[in-house]
Each structure stands twice: as C-alpha cells, then as structure tokens.
Amino acid sequence: GQNIDQPTEMTATEGAIVQINCTYQTSGFNGLFWYQQHAGEAPTFLSYNVLDGLEEKGRFSSFLSRSKGYSYLLLKELQMKDSASYLCAVSLSGYSTLTFGKGTMLLVSP
Amino acid sequence: GAVVSQHPSWVICKSGTSVKIECRSLDFQATTMFWYRQFPKQSLMLMATSNEGSKATYEQGVEKDKFLINHASLTLSTLTVTSAHPEDSSFYICSARAMSGGRYEQYFGPGTRLTVT
C-alpha cells in the first residue's frame, strides 16, 4: 500500500519560519505536491517537485529527496492567514490521481 | 487559470433521499475527474475516478451503487448519493485533471458540504 506521513499539528508564531516534513513510501513516483487547505474549503496548489532539490516561490519553498522519500515545505515570514492544513500528496504515475497524506494543521499565533 | 465549480456548495437532505452534486470544468475540457470525500480533520480520500464516456473506477470500499457517478461530457461529472444516511454527511470535493506546463495538474472544486438529517 501507499504510505505518506506528515506531523498532525504544528504551531508557530507570526513572522517565524516553519518547516513541515513529509515522508512517503509509494509503489510509484511521478511528483510530489503541496496543497494548502483552509477549513471548509478545497485545497489550493502550493508547489510541485519532481526532481531533487529546492523549489522556491515567494514565502514558500519545497524540497524533495527522492532517494530518501522525503520532502518538506518551508514557510517564511509567517502570517496569521497561513493558519491552515497543509497536505502532502504524491502522484504515483502520470495518469494517476494524487495520494494524499493526512495533512498537517498549522496554527500561527500572534 | 483552470477553474472547477461545484454545485451546490452545501445541501441538507433527509435520510433516505438522494442528492446530486455537479462538478464542472469551466474553461477547459477534462477527460478525467476525481471525486473525494473528506471527514472533519481528516485528509481527502479518493472515492472514484470518473472518465468521460466510460464507467467510473471506484476505490476499494466505496459502494458504486450508492455513489453513482456520471461523466457525460468533457466538462461535467455528477455524483449522486443515493438513499443518503447520516454517516454520508461529509465534505465532497471534485477535481479535474488538465495538462499544464507539460505535466498533469489537478484543479479542485470548492467542495460540497452534505448534511443528512
């Protein structure tokens, strides 16, 4: 079966930096996605990694190590609106849907 | 960008009745759409993959006779929850797949909150 692990909850303060880790063991790999989901809303796309290394996009960066089955999402200069659930998802193949982790609930406090 | 809509955004129905949820890709054609269910504080669980013009592929444990999926056109997929029960109350999210920048991306609809009383 497919296994994607992320911490359940994390807390951080406004202005700080937080790193959300994701490890995966899957039968295939065609890329790793990070989504942000606010309560009661659909997920919104944050980042995509298919090759090893760091992808930076504004305050958000995502890292991938395929050999280690590991990724992290780095959020800088945290804002209150960043309080949300962050979902790590793996695409098993080019034609498959995404397999999601259980999500990490991030709470940003003043 | 690619936009996916869902209708209704929320619905309350009585136990035993059926509810239809529509998922539309507004500015692109989607040969494949996916239906997810999400319970409170849990992740998205794939229910089925909907392919235009053919039968949906259901995930293990999902009753195909209870969750009827129709993908009649390249822009519309529907999910009908038949004989709904309170345990079917959940957040249902669809997504549509489209090519973007040389890879497939999934675009999510805003979700439909179903409450069965």
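In this text, all values refer to a predicted model and were calculated from it rather than measured experimentally.

A.B. asks: Would you explain the overall build of chain B in this entry?
C.D. replies: Counting its secondary structure elements, chain B contains 0 helices and 11 strands. In terms of overall size, chain B behaves like a compact globule, its C-alpha atoms giving a radius of gyration of 14 Å where 117 residues would be expected to give roughly 13 Å. For chain B, the C-alpha atoms occupy an extent of roughly 45 × 30 × 25 Å along the three principal directions. A burial count over chain B gives 50% of its 117 residues as buried.

A.B. asks: For this particular structure, what's the right way to read the environment of B:Ser77?
C.D. replies: Residue and element names in this part refer to chain B. As for its placement among the helices and strands, serine 77 is situated in strand E8 (residues 76–81). Residues serine 77 and glutamate 22, spaced 55 residues apart in sequence, show a C-alpha to C-alpha distance of 6.1 Å. Not counting chain neighbours up to four residues away, the residues in contact with serine 77 comprise Ile21, Glu22, Cys23, Met33, Trp35, Ser50, Ile69, Asn70 and His71. Within the structure, the side chain of serine 77 is placed 3.0 Å from the side chain of tryptophan 35, a separation counted as a polar contact.

A.B. asks: What's the story with the nonpolar core in this structure? I'm lost.
C.D. replies: Residues and elements named next belong to chain B. Judged by nonpolar contacts, the single largest core of 26 residues is most densely connected at Val4, Phe28, Trp35, Phe67, Leu79, Tyr92 and Leu114. Of all the elements in the fold, those that place two or more residues in this core are strand E2 (10–13), strand E3 (19–25), strand E4 (32–38), strand E5 (45–51), strand E7 (67–73), E8, strand E9 (90–100) and strand E11 (112–116). It is E9 that contributes the most residues to this core, 4 residues altogether. Leaving out residues up to four positions away in the same chain, phenylalanine 67 has contacts with Arg37, Met47, Tyr58, Val62, Leu79, Thr80, Val81, Asp88 and Tyr92.

Quick notes on the rules
Residues numbered from 1 in each chain as written. Chains lettered and ligands numbered in written order. Predicted model: local features only at pLDDT ≥ 70, side-chain atom pairs only at ≥ 80, totals over all residues. Heavy atoms only, no water. Helix = DSSP H or I, 4+ residues; strand = E, 2+ residues; numbered from the N terminus. Rg over C-alpha atoms; globule rule 2.2 N^0.38 Å. Buried < 20%, exposed > 50% of the residue type's maximum accessible area, 1.4 Å probe, protein only. Contact = heavy atoms within 4.5 Å. Polar contact = N/O pair within 3.5 Å; in protein donor to acceptor, adjacent residues only side chain to side chain. Core = buried A, V, L, I, M, F, W, Y, C linked by side-chain atoms within 4.5 Å.

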